Amino acid sequence: GENVEQHPSTLSVQEGDSAVIKCTYSDSASNYFPWYKQELGKRPQLIIDIRSNVGEKKDQRIAVTLNKTAKHFSLHITETQPEDSAVYFCAASKGAGYSTLTFGKGTMLLVSP
Amino acid sequence: DVKVTQSSRYLVKRTGEKVFLECVQDMDHENMFWYRQDPGLGLRLIYFSYDVKMKEKGDIPEGYSVSREKKERFSLILESASTNQTSMYLCASSVQETQYFGPGTRLLVL
């Protein structure tokens, strides 16, 4: 089955810096890659996703890049703010239909003022 | 706005008890999922369901069972709770790939 590796497990940055979280996946049939953010004590929420026919997607300060050849994708957060502090999970799926998400183990991002 | 609710936020049970965790979604989603979340291990899929009465094992089904009698409700059952089932349990629903999570139930088994 699919295996998703996520690095780093913790990341500390200063407010205003950029943060990058990287994930690799094993199943070349995976074609959907979402990122979830989980604030302390709250439920995971989708923040951005990308499909395999797209190399990059951006939404304000957040961007995701995908390299299908290398089977890795990354989350980029620019101009980090304290409210970006949370645990971020990447995931991979074979897409629509009866596909499940396989999650990475998560990255705890701490943004210091 | 999608709403996924879980019956309890916190639960304390004794070893050997039968435990029911319930999840309800109000968006007529076909798909529902149960995960457990443990520090350093991420979200691991226990069971999922793509239709009423239908269930499929996820990655860690041992010690758990599920029930889906109605489309909006998906129950996770711990037949005989053990201390290693102390964890955060998250339910999710989806209509396509995007999963919407409930608030979670933190279960402590003593």
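Residue positions are given per chain, counting from 1 as you read along its sequence in written order. Working convention: letters from A go to chains and numbers from 1 go to ligands, in the order in which they are written. Only residues with pLDDT of at least 70 are given local features in this predicted model, and only at 80 or more are side-chain atom pairs given and counted; all residues enter the totals for whole chains, interfaces and linings. Hydrogens and water molecules were not included; the side-chain quantities draw on all heavy atoms of the structure.

(A) Looking closely at the packing of aromatic side chains. Two rings from Phe, Tyr or Trp (for Trp, the six-membered ring) form a pair when their centres sit within 6.5 Å of each other. Planes less than 30 degrees apart are called stacked, planes more than 60 degrees apart edge-to-face, and all others tilted. All told, the structure shown has 15 aromatic pairs over all chains when counted by the stated rule. Note on Tyr36(A) and Phe101(B): the rings are 5.5 Å apart at their centroids and 85 degrees apart in plane angle, and the pair reads as edge-to-face. Here Tyr36(A) is found in strand E4 (residues 32-38), whereas its partner Phe101(B) is found in strand E10 (residues 99-101) on a different chain. Each of the two residues, Tyr36(A) as well as Phe101(B), counts as buried. A ring pair is formed by Phe103(A) and Tyr35(B), whose centres lie 5.5 Å apart and whose planes are at 85 degrees; its orientation type is edge-to-face. Helix and strand assignments follow DSSP, with helices taken as H or I runs no shorter than four residues and strands as E runs no shorter than two, numbered in order from the N terminus. Type-normalised accessible area, obtained with a 1.4 Å probe on protein chains alone, sets the label of each residue: buried when under 20%, exposed when over 50%, and partly exposed for intermediate values.

(B) Seen up close, the interface of chain A and chain B. Residue contacts follow a heavy-atom distance rule, with two residues in contact if any of their heavy atoms lie within 4.5 Å. Contacts between the two partners involve 20 residues from chain A, matched on the other side by 19 residues from chain B. Accessible-area loss on putting two parts together, using a 1.4 Å probe and summing over both, is the definition of buried area adopted here. The contact between chain A and chain B buries some 1,600 Å² in all, and 57% of this surface belongs to carbon and sulfur atoms. It is Arg43(A), Phe103(A) and Lys105(A) in chain A that bury the most area against chain B; as a group they hold 31% of the surface buried on that side. Between Arg51(A) and Glu97(B) there is a salt bridge whose closest N-O contact spans 2.7 Å. Polar contact is defined as a pair of N or O atoms within 3.5 Å, subject to the rule that within protein one atom must be able to donate a hydrogen and the other to accept it, and that residues adjacent in sequence are counted only when both atoms are side-chain atoms. Scanning the region where chain A abuts chain B turns up five residue pairs in polar contact (both at pLDDT 80 or more). Classifying every residue of the side of chain A that touches chain B gives nine nonpolar, seven polar and four charged. Salt bridge, as used here: a side-chain nitrogen of Lys or Arg that lies within 4 Å of a carboxyl oxygen of Asp or Glu. Residues are grouped as follows: Ala, Val, Leu, Ile, Met, Phe, Trp, Tyr, Cys and Pro are nonpolar; Asp, Glu, Lys and Arg are charged; every other residue, Gly included, is polar.

(C) Expanded view of the sheet that holds strand E7 (residues 62-67) of chain A. Residues and elements named next belong to chain A. Think of it this way: DSSP has to see at least two bridges between two strands before they count as a pair. Strand order in the open sheet made by the five strands is E1-E3-E8-E7-E6, with antiparallel pairing throughout. Since the sheet does not close on itself, it has two edges, and those belong to strand E1 (4-7) and strand E6 (56-59), each with one partner. With strand direction ignored, the average angle separating the axes of adjacent strands in the sheet is 15 degrees. In the sheet, E1 pairs with strand E3 (residues 19-25) via four bridges, with the strands oriented antiparallel. Within the sheet, the bridge partner assigned to Val4 lies in E3 and is Tyr25. Between N-to-C directions, angles cover 0 to 180 degrees, with each direction set by a line fitted to C-alpha atoms, over the stretch in contact for helices.

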